[in-house]
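# Architecture and fold: a report
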Amino acid sequence: MEHYLDIETERFEKIKEHEVTWILVPRRVAGREIGIGDVLKLYHPGDPTEAIRVEVTDVQTADAAAAQTGTDAGVSKGSRADAGALAESRAVAEVSAGSRTDAAAAVGAGQEFIRVSFVLLEWMCRLETELDELLREEEQWMQGLL
């Protein structure tokens with residue numbers, strides 16, 4: 001199953017450069033739960049022609065992941081409640097500015113976030129070429145729009 005998400009520019013660049021192999025995301029995207037083997041298509045918020053496809057290799061609850069990796073979350077392993085709150089605030093920070101209010105509302109509504117580990121499948125960038133423009137004009141001409 002493929003899920004579509006917008007993510008923060010900084011996180012997008014780190015994934016693209018192979019510096020990051022996990023991200024906090026909502027447990028459900030468009031009503032479907034994310035699981036191992038699913039594909040996430042992560043969009044660059046500032047450039048809709050650029051995206052990254054990753055395959056989910058592991059799924060953990062956000063609070064368990066934060067508590068397990070105390071250094072990652074900046075909290076001790078014994079502080080699960082704090083780790084969960086920090087994980088949720090990180091999840092809000094990782095989504096794009098356009099989705100930030102939705103993510104904040106989701107946290108307020110008790111939506112669960114999960115930590116997803118992944119492998120990078122591909123980086124995609126759709127470049128507009130002169131041929132694309134000519135094909136678009138030809139299609140418009142065929143439909144009588146020009």
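For the structure itself, consult the block above.
Residues numbered from 1 in each chain as written. Predicted model: local features only at pLDDT ≥ 70, side-chain atom pairs only at ≥ 80, totals over all residues. Heavy atoms only, no water.

A tally of helices and strands in the chain yields 6 helices and 7 strands. N-terminal to C-terminal, the α/β element order of the chain is β-α-β-β-β-β-β-α-α-α-α-β-α. When the 146 residues of the chain are sorted by exposure, 35% land in the buried category. Put simply, of all contacts in the chain between residues at least 6 apart along the chain, 68% involve residues at least 24 apart. Total accessible area on the chain is roughly 8400 Å²; 52% of this is exposed by carbon and sulfur atoms. (Helix = DSSP H or I, 4+ residues; strand = E, 2+ residues; numbered from the N terminus. Buried < 20%, exposed > 50% of the residue type's maximum accessible area, 1.4 Å probe, protein only. Contact = heavy atoms within 4.5 Å. Areas by Shrake-Rupley, 256 points an atom, 1.4 Å probe, with all protein chains shown as cover.)

Another point: the nonpolar core. Ile15, Val25, Ile34, Leu40, Leu42, Val54 and Val116 are the most contacted members of the largest nonpolar core, which totals 17 residues. Listed by contribution, the elements that provide at least two residues to this core are helix H1 (9-16), strand S2 (22-26), strand S5 (39-43), strand S6 (50-61) and strand S7 (113-125). Ignoring anything within four residues of it in the chain, the contact list for Ile15 reads Ile7, Val20, Ile23, Leu42, Ile52, Val54, Phe118 and Leu120. (Core = buried A, V, L, I, M, F, W, Y, C linked by side-chain atoms within 4.5 Å.)

On to the sheet that holds S2. Judged by pairing direction, the sheet is mixed, and its 5 strands sit side by side in the order S1-S5-S6-S7-S2 without closing on themselves. Two strands close off the open sheet at either side, each with one partner strand: strand S1 (2-6) and S2. Between one strand and the next, the sheet's axes are offset by a mean angle of 40 degrees, whatever the strand orientation. The strands touched by H1 are S2, S5, S6 and S7; relative to S6, the strand with the most contacts, the crossing angle is about 90 degrees. (Pairing = 2+ DSSP bridges. Axes fitted to C-alpha atoms, helices over the stretch in contact; angles between N-to-C directions.)

Okay, a nonpolar patch on the surface next. Together, Leu131, Leu134 and Leu135 make up an exposed nonpolar region whose accessible area comes to about 290 Å². Looking at where Leu134 falls in the secondary structure, it is placed in helix H6 (residues 130-142). (Patch = residues over 30% accessible without salt bridge, like charges linked within 9 Å, V, L, I, M, F, W, Y side chains within 5 Å. Salt bridge = Lys/Arg side-chain N within 4 Å of Asp/Glu carboxyl O.)

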